[in-house]
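Secondary and tertiary structure notes
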Amino acid sequence: GSYAVNIVLTANQYFGGNVVPTLTCTPSDSNCDNPMWFFEETLLTTCECADKHQATSNPFNMRSTLRINNAGPEDTGMYHCEFDCSGETIVSNMFKITYVAPVSFTTPDSISYYEYINNNISLKCSPVDYDNHQWQTTGLVPIELGGRFGLTGSNNTDLIITELQLDDARTYVCAANNKVTTKAEIRAYLFVYKFPEVEVIGNTSVTAGEGNSTSFTCTVSGHPKPVVSWIFSGGSLSF
């Protein structure tokens, strides 16, 4: 008879991280059995209990599935399977799977940044082995680039904010992905300060007789809220 064997990847052709490569080989005829798996033309030692090359077969449709446990870069390459179909060895097509390192970051997670209003600041990201990256705010809302917000750094992965405003203080998220990492992220916490400003209300110099009372008034603004102290003759007054 005439037979054909197809090999189908049940996940995707890329693996790494939590993505375990799994290939399925399906013969076109029920008279096929004794499946064998090959890597780069070398016969693999397989069984259902194997720590590395775990092969299982379905007795109803003779489908054979190869699961490669603890897979790494060394498992990148061409795979195929072979079946014994009524005494004839049928060889499947070749299929290549490729290891992709999971996304990582050279910048530590949860860095706090401190800067004053109207200044500029860059928040670091530095993803490695990524395909795409995006800066987001809390709630995973993408940051619209342009105006005061832009990208900087050697790979344009850092976020630069110019002319800082108080409401820029928040949590920022740098998210990245690739073929085996759906999403990896690090967070940056931005704190924006405003220098204290003091305004004296009323007279700055008062002449008062002994035993009389007088007062001085000032307003203070800043962020965070400043701590106010009154000084007399070089020492702090207690209230």
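Below is a summary of the structure that appears in this document. What you see is a predicted model; the values in this text were computed from it and never measured.

Criteria and cut-off values
- Residues numbered from 1 in each chain as written.
- Predicted model: local features only at pLDDT ≥ 70, side-chain atom pairs only at ≥ 80, totals over all residues.
- Heavy atoms only, no water.
- Buried < 20%, exposed > 50% of the residue type's maximum accessible area, 1.4 Å probe, protein only.
- Helix = DSSP H or I, 4+ residues; strand = E, 2+ residues; numbered from the N terminus.
- Pairing = 2+ DSSP bridges.
- Polar contact = N/O pair within 3.5 Å; in protein donor to acceptor, adjacent residues only side chain to side chain.
- Contact = heavy atoms within 4.5 Å.
- Patch = residues over 30% accessible without salt bridge, like charges linked within 9 Å, V, L, I, M, F, W, Y side chains within 5 Å.
- Areas by Shrake-Rupley, 256 points an atom, 1.4 Å probe, with all protein chains shown as cover.
- Salt bridge = Lys/Arg side-chain N within 4 Å of Asp/Glu carboxyl O.
- Disulfide = S-S within 2.5 Å.

For the rest of this paragraph, the subject is the pairing of strand β8 (residues 77–85). Regular strands place side chains that alternate from one sheet face to the opposite one. The element β8 is largely enclosed, with a buried count of seven among its nine residues. Here six bridges tie strand β4 (residues 32–39) to β8, and the two strands are oriented antiparallel to one another. Pairing of Phe 38 across the sheet is with His 80, part of β8. Sheet topology note: the β8/strand β10 (residues 95–99) ladder contains three bridges and is antiparallel. Pairing of Met 78 across the sheet is with Lys 96, part of β10. Looking at chain direction, β8 and strand β9 (residues 88–91) are connected through four bridges and run antiparallel. Residue pairing across strands places Asp 84 opposite Thr 89, the latter belonging to β9. A loop of two residues connects β8 with β9, the two strands running antiparallel in sequence, and Ser 86 in this loop sits at a positive phi of about 55 degrees.

Here we come to the side chain of Asp 168. Inspection of the secondary structure assignment puts Asp 168 in the loop between β18 (158–161) and β19 (171–177). A distance of 2.8 Å separates a polar atom in the side chain of Asp 168 from a polar atom in the side chain of Arg 148. At 2.8 Å, the side chain of Asp 168 and the backbone nitrogen of Gln 165 are in polar contact. Excluding residues within four positions of it along the chain, Asp 168 makes contact with Arg 148, Phe 149, Ile 161, Glu 163, Leu 190 and Val 192.

Right, let's get into a nonpolar patch on the surface. Taken together, Val 198, Val 206, Phe 216, Val 220, Val 228, Trp 230, Phe 232, Leu 237 and Phe 239 make up a surface patch of nonpolar side chains, about 910 Å² in accessible area. Following the sequence through the fold, Val 206 ends up in the loop between β20 (184–201) and β21 (217–223).

Now for the state of the cysteines. One pass over the structure, following the stated rule, counts three disulfides. With its sulfur 1.5 Å from that of its partner, Cys 25 forms a disulfide with Cys 81. Of this pair, Cys 25 sits in strand β3 (residues 22–27) while Cys 81 is found in strand β8, placing the two residues 56 residues apart along the sequence. Residues Cys 25 and Cys 81 agree in their burial class; the two are buried. Sulfur-sulfur distance for the disulfide between Cys 125 and Cys 174 comes to 1.9 Å. Here Cys 125 and Cys 174 share a disulfide; its torsion about the S-S bond, -70 degrees, makes the bridge left-handed. With Cys 125 in the loop between β13 (121–123) and β14 (127–128) and Cys 174 in strand β19, this residue pair connects regions lying 49 residues apart in the sequence. One exposure class covers both Cys 125 and Cys 174, and it is buried.

Examined against the element boundaries, Leu 23 turns out to sit in strand β3. When its relative accessible area of 0% is taken as the criterion, Leu 23 is described as buried. On a C-alpha basis, the gap between Leu 23 and Cys 81 in space is 9.7 Å, while along the polypeptide they are 58 residues apart.

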